[in-house]
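# Fold and geometry: a report
The chain contents come next:
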Amino acid sequence: MSELDSNKHGELFGKLTMKQPYGKKRFFPDHVRGYIDLLRPFTLLAPIIVSMSIIVASLVYNARFFGLEIPLNWWVTVGNASLTVALVNAASNALNQATDFEADMISKSYRPIPKKIIKPEEAQSLAYIFYLFALLRAVTMNAWFGVFIFLIMVFTVTYSLPPRTKRFLFLNQVWIAIPRGFLGILAGWSVFGDPFQKLPLVMGIVATVFLIGGMSTKDISDSKADKLTGVHTLINTFGVKKAALISFPFMLFPFILIPFMINIGFIGSYFWPLTFFMFASCFIFYLMMKGDVESKTLENIHAWSIMYAEYIFFALGFAFLTIFCSSLDPPVGFF
């Protein structure tokens, strides 16, 4: 797209990416665009795609091995559940910006609150509305899904509000990884299946360990702002290269250990291709070590974007293998 075409689109719809300035436009007023930016649409791709993948995998797996009768409107249930997970993530994004506006004024001044497009109180109110709506949707689907959505909410709220676990070194990464990895996968699996089956538990642990390491990528561009506002991260405590060395085993070993988990019978042999995700983790580590720079359009460094993409494709790969290959190696024993 040429600069002229970009300007024409900007005049019609306003800014097209988070980092573009608010300006004149015909259709979307700044306040509307500000609310959209609060939700951070790019980051909602991961919960939508991951949850849809896990839910469909659970549907096929439990129909194949446990006699689940596939409902005629299964796709409606998949859509509703995925949207519910995305709503929680959107609420978390809005709440985080409402409570972190002082840091954002330093490192992310293009966001709607530092630009005074949205007030912190408005963002916090929007977050609570989304949380409530998501919880009401969840409990009407089934009990376990409601429980997991509630637990995810607890983690995301306490990350931004007192005790504000975001402040504490390493705990902040764990606090993000658990709801996005372990609880998110169990929530998706619970829509059609038993969340305490061996397969979702193992994959939830794999995802969580990977995200514990991968979440350090999001702190690189915020290093100065975090330090000035009392948030302790691996990046602003040890520096980028040492933080990369600490994070790398968490991103690498979950995939290296997949053959071992196959050998001891935790997961089926058809999951061995997931091991190849270790190469994406190595690339993320390489970008961090060489001094990755911030993207001109997305909100963070390229390693952060690749980390999100790796998690999305991991979920898609897991779903594909479960749907099309699980009949080759039926499950034996559950706890």
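The following paragraphs examine the structure supplied in this document. This structure is a prediction, so every number in the text was calculated from the model and none was measured.

Conventions we followed
Residues numbered from 1 in each chain as written. Predicted model: local features only at pLDDT ≥ 70, side-chain atom pairs only at ≥ 80, totals over all residues. Heavy atoms only, no water. Axes fitted to C-alpha atoms, helices over the stretch in contact; angles between N-to-C directions. Helix = DSSP H or I, 4+ residues; strand = E, 2+ residues; numbered from the N terminus. Parallel < 35°, antiparallel > 145°, perpendicular 65-115°, else oblique. Contact = heavy atoms within 4.5 Å. Nonpolar A, V, L, I, M, F, W, Y, C, P; charged D, E, K, R; others polar. Left-handed = near helix turned anticlockwise from the far one by under 90°.

## Considering the packing of helix H12 (residues 240–256) against helix H14 (residues 277–290)
Between H12 and H14, the least distance of the axes is 9 Å, while the angle of their chain directions is 180°. Relative to H14, the element H12 lies roughly antiparallel. Contacts between H12 and H14 pair Val 240, Lys 241, Ala 244, Leu 245, Phe 248, Met 251, Leu 252, Phe 255 and Ile 256 from the former with Phe 277, Met 278, Ser 281, Cys 282, Ile 284, Phe 285, Met 288 and Met 289 from the latter. Among the residues forming the contact of H12 with H14, the class breakdown is 15 nonpolar, one polar and one charged.

## Comments concerning the packing of helix H2 (residues 30–39) against helix H6 (residues 120–139)
Contact geometry of H2 with H6 gives a least axis separation of 11 Å together with a crossing angle of 60°. On the basis of the axis angle, H2 is oblique to H6. Considering how the two elements wind past one another, H2 and H6 form a crossing that is right-handed. Facing H2, whose interface residues are His 31, Tyr 35, Leu 38 and Leu 39, H6 presents Glu 122, Ala 123, Leu 126 and Phe 130. The residue makeup of the contact of H2 with H6, split by class, is six nonpolar, one polar and one charged.

Scope: geometric values only; no functional claims are made or implied.
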